[in-house]
Amino acid sequence: HTGPMTDQYYQEDSQATTILVLGILSLVVCQILGPIAWVMGNNELAGIDAGRRPPQNRGTAQAGRILGIIATVLMIIGVVFLFVALFIALVASTT
């Protein structure tokens, strides 16, 4: 630890670890958690910027947020691919 020790009190507890866990789970297990991690990450960063939450957790919150964004994009690509595949199957079955 560098710098002076401070016992600064923040109005809200950090949720950075939860956001990181949700981001990881959204990539590995369940992509629907991606948008949740993304939104929670945005809220956490806003709280840090406003001084309501500890700034030491910015990196963790940012990492979880980015994982949530990636999982959300992958989920959207998967849904689009599914609809295209279903459309192609429907067209092929009617000919």
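A few points on the structure. (Residues numbered from 1 in each chain as written. Predicted model: local features only at pLDDT ≥ 70, side-chain atom pairs only at ≥ 80, totals over all residues. Heavy atoms only, no water.)

Brief notes about the nonpolar core
Among the nonpolar cores identified, the biggest contains five residues, and these are Ile19, Leu22, Leu33, Ala37 and Met40. Mapped by element, the contributors of at least two residues to this core are helix 1 (16-28) and helix 2 (33-49). Take this core: its biggest share by element is three residues, from helix 2. Those residues within four positions of Ile19 in sequence are excluded, and the remaining contacts are Ala37, Met40, Gly41, Glu44, Ala61, Gly64 and Arg65. (Core = buried A, V, L, I, M, F, W, Y, C linked by side-chain atoms within 4.5 Å. Buried < 20%, exposed > 50% of the residue type's maximum accessible area, 1.4 Å probe, protein only. Helix = DSSP H or I, 4+ residues; strand = E, 2+ residues; numbered from the N terminus. Contact = heavy atoms within 4.5 Å.)

So, the side chain of Glu44
Note that Glu44 resides in helix 2. According to the relative accessible area criterion, Glu44 is buried, its value standing at 0%. Beyond its immediate chain neighbours, meaning those up to four positions away, Glu44 contacts Ser14, Gln15, Ala16, Ile19, Arg53 and Ala61.

Here's the deal with the environment of Trp38
Of note, Trp38 is situated in helix 2. With a relative accessible area of 31%, Trp38 lands in the partly exposed category. Sequence separation of Trp38 and Phe81 is 43 residues, and the distance between their C-alpha atoms is 22 Å. Setting aside anything within four residues of it in sequence, one finds Trp38 in contact with Arg65, Gly68, Ile69 and Thr72.

Concerning the side chain of Ser26
Summarising the element assignment, Ser26 is placed in helix 1. Judged by its relative accessible area of 0%, Ser26 falls in the buried class. At 2.6 Å, the side chain of Ser26 forms a polar contact with the backbone oxygen of Gly23. (Polar contact = N/O pair within 3.5 Å; in protein donor to acceptor, adjacent residues only side chain to side chain.)

What to know about the pattern of salt bridges
Inspection of the entire model under this criterion finds four salt bridges. The closest approach of N and O atoms between Arg53 and Glu12, which form a salt bridge, is 2.7 Å. One end of the pair, Arg53, is in the loop between helix 2 and helix 3 (58-94); the other, Glu12, is in the segment before helix 1, and 41 residues separate them in sequence. The class of Arg53 is buried, set by a relative accessible area of 11%. On the accessibility criterion, Glu12 (26% relative accessible area) is partly exposed. Three or more residues are tied together by salt bridges with common partners; here these are Glu12, Glu44, Arg52 and Arg53. (Salt bridge = Lys/Arg side-chain N within 4 Å of Asp/Glu carboxyl O.)

Thoughts on helix 2
Compared with an ideal rise of 1.5 Å per residue, which puts 17 residues at 24 Å, helix 2 spans 24 Å between its outermost C-alpha atoms and is within 8% of the ideal. Among all positions in helix 2, only Leu33, Gly34, Ala37, Met40, Gly41, Glu44, Leu45, Gly47 and Ile48 are buried. The buried residues of helix 2 all sit within an arc of 155° when viewed along its axis, so they share a single face. Backbone geometry just after helix 2 places Gly51 at a positive phi near 85°. (Expected span 1.5 Å × (residues − 1). Arc of directions from axis to C-beta.)

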